[in-house]
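Analysis of the macromolecular model
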Amino acid sequence: MSRPFPKTRPFTGNYAPILMECDAYDLPVDGELPAGLRGTLLRNGANPQFAPRDAGYHWFLGDGMVHAFGIADGRVKYRNRWVRTPKWELEHAAGEALFGSWGNPMTTDPRAQGKDWGIANTSLVWHGGRLFALEEGHQPFELAPDTLDSRGYHDFGGKITGRFTAHPRIDPETGEMVFFAYTADGMLTSGMLYGTISPSGEVTRKELFQAPYCAMVHDFAVTRNHVLFPVLPLTGSLPRAIAGGPAFAWEPDKGAWIGVMRRDAGTSSLRWFRGDPCFVFHVMNAWEDGEQICAEVVRYDRAPAFPDTKGEMGQTGIGRLARWRFDLSQPGDSFAWDYIDDMASEFPRIDDRFTGLPYRHGWLACERPEGRIEAAGGIEHIDVTSGRRTVCWMPPGDSVSEPVFVPRTPDAAEGDGWLLAVAWRGAEHRSDLIVLDTGALEDGPIATVGLSHRVPFGFHGMWLPG
Ligand code: FE
């Protein structure tokens, strides 16, 4: 008999895990599914199998659960499966949580000491003919794309044996996967990894470098010729954690450092730019404008959802879309930035065929004034060339996930297609898959696919065509 979950935020409302895996074969569809929409929307998120062992639990630490909506011939099937990591298997056999939060050895059961606590809960990527569930503290974890069966960690021929970002980028022109990792050379260190993987899955570059300090680096940016590493002052500290403080804490005195590197030259070409403290979970896209590198990011004045070094949560700010501009033709270490949107938003996505290239269309989950990043009230489109914005608002009480873009055809114009997202119906405590046409966002979903259960608030998704 497993213990009850606490009544705290990560375990109540639509944060609460669902404790079953299931299949549905023909979900009811309200509206018209486009004939050209064939493939699978996959979403990943935290869904803890058991109540945590200590008070250090964070929403980010739940076991990964993948939800798949397969769409073909106007029918939709659904399947959800936990990602059966070594941690999941060990705890499943024990019937209780065995690992401390963030792998904390002080609160880890003797049966799990020294073992891998990867949770594979953050995102998904398809590359080299393989589907991976990703989480930034551990190796990519392979899943069978048709069944979601767990295949285990993938080490790319013995070359990826440690941490790996949940936000690699796939270069649309070369098919290369560009990746990084933070605290890559030990526990809460400033070592970072940069690397590339060929379209066929061979690791072609892997370099370790030192960041200015140890920080949680959730995302980075890749352009045609450059990589940006945002090292922002959500710092990691082992001495602080051992002393009972937060492993990761907001420490603005460290300032913001952004490393800009040439992809062809590697980490020896890193140039660090410095700015006022800020935090960014997600980069929407980055691109080159002559000698300038531009990046659109969701910027916070203070890292949300994390305490300061004394453990105080402080005021939770909002994330807004900003543009960073690094002028490589100028000396010095400063860079320009400005907000390009005043709406609170998160989970930025683009037409992935324009990753790293000049682009126009971005979509984000956006907040009502009273909302929260993971419980967004609408889906926003922004034309980053004009700043023009349109929003599809959910009915009051409902929340919507990150929107995933699907092109209408493989060679459709940028942004011409559909957005897929999962909407939580607050009053019904149930979720729907919604399909929006990017050409008529404000008109609302063209198709709504009803689940009889809810999909907990999660993180990131992807579209697997075919
Ligand atoms: Fe993320």
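Please read these numbers as outputs of a predicted model, since none were measured by experiment. (Residues numbered from 1 in each chain as written. Predicted model: local features only at pLDDT ≥ 70, side-chain atom pairs only at ≥ 80, totals over all residues. Heavy atoms only, no water.)

Here the structure, examined in full by the defined rule, presents 32 aromatic pairs. Measuring from ring centre to ring centre gives 5.4 Å for Phe132 and Phe156, while their planes differ by 40°; the resulting arrangement is tilted. Of this pair, Phe132 sits in strand β7 (residues 130–134) while Phe156 sits in the loop between β9 (150–153) and β10 (169–170), and the two are 24 residues apart along the sequence. Owing to a relative accessible area of 0%, Phe132 belongs among the buried residues under this scheme. According to the relative accessible area criterion, Phe156 is buried, its value standing at 7%. Geometry around Tyr182 places Arg163 over its ring, the cationic atom sitting 4.5 Å from the centre. (Phe/Tyr/Trp six-rings, centres within 6.5 Å; stacked < 30°, edge-to-face > 60°. Helix = DSSP H or I, 4+ residues; strand = E, 2+ residues; numbered from the N terminus. Buried < 20%, exposed > 50% of the residue type's maximum accessible area, 1.4 Å probe, protein only. Lys NZ or Arg CZ within 6 Å of the ring centre and 35° of its normal.)

The next thing to look at is the nonpolar core. Counting 59 residues, the largest nonpolar core has Met192, Phe229, Val231, Trp324 and Phe326 as the members making the most contacts within it. With seven residues, strand β20 (residues 279–289) is the largest single contributor of residues to this core. Each residue touching Trp324, except ones within four places of it in the same chain, is listed here: Pro230, Leu232, Ile258, Cys278, Val280, Ile293, Cys294, Ala295, Val297, Phe335, Ala336 and Trp337. In terms of nonpolar packing, the next biggest core, distinct from the first, is built from 21 residues, Val406, Val422, Val435 and Val449 among them. (Core = buried A, V, L, I, M, F, W, Y, C linked by side-chain atoms within 4.5 Å. Contact = heavy atoms within 4.5 Å.)

The next subject is the coordination of the iron ion. Those protein atoms acting as donors to the iron ion are His167 (NE2), His218 (NE2), His282 (NE2) and His460 (NE2), and they sit at 2.0 to 2.1 Å. Its four donor atoms give the iron ion angles of 91 to 162° at the centre, a pattern that matches the irregular case. Mapped onto the sequence, the donors of the iron ion take the spacing H-x50-H-x63-H-x177-H. One end of the pair, His167, is in the loop between β9 and β10; the other, His218, is in the loop between β13 (203–210) and β14 (221–222), with 51 residues separating them in the sequence. For the pair His167 and His218, one class covers both residues: buried. (Donors = N, O, S within 2.8 Å, 3.2 Å for Na, K, Ca; no water. Tetrahedral: all angles 85-135°; square planar, octahedral: opposite > 155°, others 65-115°.)

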